[in-house]
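Structural features, examined
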Amino acid sequence: MTDFSANQYEDEASFGDYFSLLKPRVMSLVVFTAMVGLIVAPVSVNPFVAFTAILFIAIGGGASGALNMWWDADIDTVMKRTKTRPIPAGKIPAIEARNLGVALSGISVVMLALATNIVAGAFLAFTIFFYAVVYTMWLKRWTPQNIVIGGASGAFPPMIGWAAATGGIAMESVLMFAVIFMWTPPHFWALCLFMKSDYDEAGVPMLTATHGRRVTRNHIFAYTLLLAPFAIGLGFTSIGGPIYLAVAVVMNALFIKGAWTIWKRKEDTSLDDEYKVERSFFKLSLAYLFLHFGALMVEALLPFGLGGW
Amino acid sequence: MSLVREHEMHKRRKSRNIGLGGVLILFVTLVFGLTIAKVSPLMNEVTAQNETSQ
């Protein structure tokens with residue numbers, strides 16, 4: 001084989017390219033929240049089974065990421081942020097991403113059901129369906145509320161973790177879902193306000209483009225207000241406790257204050273300081289979720305009955 | 001024209017082969033570990049039952 005003939009293989013994918021189809025950064029959030037859901041559940045699980053359950057929940061999340069990249073390959077080619085992904089870069093054919101997504105979906109659902117129970121497996125299957133079909137194929141290109149309803153798929157992992165331990169659904173797991181579900185819109189729309197994105201060219205209706213930045217600011221404030229009762233309410237359930245409640249009260253006060261500032265701001269002011277407030281609100285939103293779920297874990301793991309009520 | 005022994009392509013293929021091998025070994029280990037974790041409590045139960053019936 002000569003150098004010349006080898007050139008046709010220049011763009012062959014490495015293992016890392018296949019791994020990046022699974023959206024590892026999204027997987028890290030799935031792993032963290034699913035782990036908290038499993039740990040705070042009132043049923044103890046064999047540590048190895050728990051590890052396997054979290055791993056397969058993560059693989060299920062990754063599978064839906066691969067299906068998303070297959071379906072959105074045309075959009076990813078247009079947008080600057082996504083055109084280096086393996087499919088638009090020409091390293092992996094779209095059809096391979098689809099096959100990998102379908103195969104990993106099947107494996108993760110069956111393995112989770114076998115390792116834990118049918119409810120958890122069914123929940124994971126529904127989550128993959130929701131992200132790949134309801135969000136990616138249907139909502140994303142149709143409505144500017146795509147992120148609100150689609151955000152549900154990112155909110156399911158703690159419920160799956162809870163179901164893996166208990167085999168069912170409870171008020172606590174529904175509230176954990178509600179916290180992530182209500183948190184997603186302000187988190188994502190704050191990013192939309194300061195990120196120069198090319199969603200328009202890709203034909204994806206984002207709220208900032210379809211209804212304007214003023215409406216987006218209104219939405220951020222409204223969702224932040226609606227989020228607080230769910231986040232604080234979780235503190236009064238069996239998985240809450242004084243530490244969680246203190247964290248929830250402080251973080252929600254800061255979050256509402258940040259959203260209020262965003263709501264009051266004029267676009268010119270934001271442009272002048274390069275969206276300083278919006279950027280810090282986005283960072284705060286990351287800390288918000290991490291601290292809420294971290295506090296739940298602390299309540300569950302504190303020894304000598306110190307955690308919880 | 002000289003032959004290039006190690007092309008970038010070979011590195012990528014190697015990474016895929018090693019990666020896939022690792023994934024398969026991990027999967028086998030997981031299934032084995034799960035079997036042990038699932039069967040052990042049942043075995044203990046059976047042993048306890050046998051001891052009581054004797």
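Residues numbered from 1 in each chain as written. Chains lettered and ligands numbered in written order. Predicted model: local features only at pLDDT ≥ 70, side-chain atom pairs only at ≥ 80, totals over all residues. Heavy atoms only, no water.

Some points on helix α9 (residues 157-166) of chain A
At 3.6 residues per turn, the α-helix brings residues three or four places apart onto the same side. All names here are of chain A. Most of α9 is tucked away: 9 of the 10 residues are buried. All of the buried residues in α9 are Pro157, Pro158, Met159, Ile160, Gly161, Trp162, Ala163, Ala164 and Ala165. Count one or two residues on from α9 and you reach Gly167, which has phi positive near 80°. (Buried < 20%, exposed > 50% of the residue type's maximum accessible area, 1.4 Å probe, protein only. Helix = DSSP H or I, 4+ residues; strand = E, 2+ residues; numbered from the N terminus.)

Comments concerning the nonpolar core
Residues and elements named next belong to chain A. Core analysis: the largest hydrophobic core is formed by 84 residues, its most contacted members being Leu112, Met176, Trp189, Ile220, Leu234, Phe293 and Leu296. The dominant element in this core, judged by the number of residues it contributes, is helix α10 (residues 171-194), at 13 residues. For this core, the two domains that each supply at least three residues are domain 1 (16-169) and domain 2 (170-309). Excluding anything up to four places from it in sequence, Leu296 contacts Val36, Val40, Met176, Leu234, Ile239 and Tyr244. (Core = buried A, V, L, I, M, F, W, Y, C linked by side-chain atoms within 4.5 Å. Domains from an automatic or database assignment. Contact = heavy atoms within 4.5 Å.)

Concerning the pattern of salt bridges
Oppositely charged side chains can pair when the atoms bearing their charge come close. Residues and elements named next belong to chain A. For the structure shown, the criterion picks out 13 salt bridges over all chains. With a shortest N-O distance of 3.0 Å, Arg217 and Glu267 are connected by a salt bridge. Pair noted here: Arg217 is in helix α13 (residues 212-233) and Glu267 is in helix α15 (residues 267-272), with a separation of 50 residues, a long-range link. Residues participating in the shared-partner salt-bridge network are Arg213, Arg217, Arg265, Glu267, Asp273 and Glu278. (Salt bridge = Lys/Arg side-chain N within 4 Å of Asp/Glu carboxyl O.)

Details of a nonpolar patch on the surface
A surface patch of nonpolar side chains, about 720 Å² in accessible area, is lined by Trp71, Phe126, Phe129, Val133, Met137, Trp138 and Trp142 of chain A. No other element matches the 5 residues that helix α7 (residues 118-139) of chain A contributes to the nonpolar patch. (Patch = residues over 30% accessible without salt bridge, like charges linked within 9 Å, V, L, I, M, F, W, Y side chains within 5 Å. Areas by Shrake-Rupley, 256 points an atom, 1.4 Å probe, with all protein chains shown as cover.)

A few points about the domain arrangement of chain A
All names here are of chain A. Parsing chain A into structural domains produces domain 1 (16-169) and domain 2 (170-309). For domain 1 and domain 2, the distance between their C-alpha centres works out to 22 Å. On the domain 2 side, the residues contacting the 33 residues of domain 1 number 35 residues. Summing the contributions of domain 1 and of domain 2, the shared interface buries around 2800 Å²; its carbon and sulfur component is 80%. Considering only the surface of domain 1 that becomes buried against domain 2, Phe32, Pro144 and Ile147 emerge as the three largest contributors, covering 20% of it. Joining domain 1 to domain 2, the criterion identifies 0 salt bridges. If you look at where domain 1 meets domain 2, you find 2 residue pairs in polar contact (both at pLDDT 80 or more). (Buried area = accessible area lost by both parts, 1.4 Å probe. Polar contact = N/O pair within 3.5 Å; in protein donor to acceptor, adjacent residues only side chain to side chain.)

Notes on the side chain of Thr116 of chain A
Structurally, the position occupied by Thr116 of chain A is in the loop between α6 (94-115) and α7. There is a polar contact of 2.7 Å between the side chain of Thr116 of chain A and the backbone oxygen of Leu112 of chain A. When near neighbours in sequence (up to four residues on either side) are disregarded, Thr116 of chain A contacts Val49, Ala53 and Ala164 of chain A together with Lys38 of chain B.

Considering the packing of α7 of chain A against α9 of chain A
All names here are of chain A. The N-to-C vectors of α7 and α9 enclose an angle of 165°; their axes lie 8 Å apart at closest approach. When the interaxial angle is binned, α7 and α9 end up roughly antiparallel. Once α7 is placed against α9, the crossing between them reads as left-handed. Of α9, the residues touching α7 (which contributes Val119, Ala120, Phe123, Leu124 and Thr127) are Met159, Ile160, Ala163 and Ala164. Looking at the contact of α7 with α9 residue by residue, the class counts come to 8 nonpolar, 1 polar and no charged. (Axes fitted to C-alpha atoms, helices over the stretch in contact; angles between N-to-C directions. Parallel < 35°, antiparallel > 145°, perpendicular 65-115°, else oblique. Left-handed = near helix turned anticlockwise from the far one by under 90°. Nonpolar A, V, L, I, M, F, W, Y, C, P; charged D, E, K, R; others polar.)

Some points on the packing of aromatic side chains
A ring pair, where both rings are aromatic, is described by two values, the distance of the centres and the angle of the planes. Residues and elements named next belong to chain A. Across all of its chains, the model carries 20 aromatic pairs over all chains by this definition. Measuring from ring centre to ring centre gives 5.2 Å for Phe32 and Phe290, while their planes differ by 25°; the resulting arrangement is stacked. With Phe32 in helix α3 (residues 24-40) and Phe290 in helix α16 (residues 276-301), the pair connects residues that are 258 residues apart, well separated along the chain. Owing to a relative accessible area of 16%, Phe32 belongs among the buried residues under this scheme. With relative accessibility at 52%, the residue Phe290 sits in the exposed group. Aromatic pair Phe177 and Phe181: ring centres 5.6 Å apart, planes at 10°, arrangement stacked. With Phe177 and Phe181 both in helix α10, this residue pair falls 4 residues apart, about one helical turn. Through pairs of rings, three or more aromatic residues link up here, namely Phe123, Phe126, Phe129, Phe130, Phe156, Phe177 and Phe181. (Phe/Tyr/Trp six-rings, centres within 6.5 Å; stacked < 30°, edge-to-face > 60°.)

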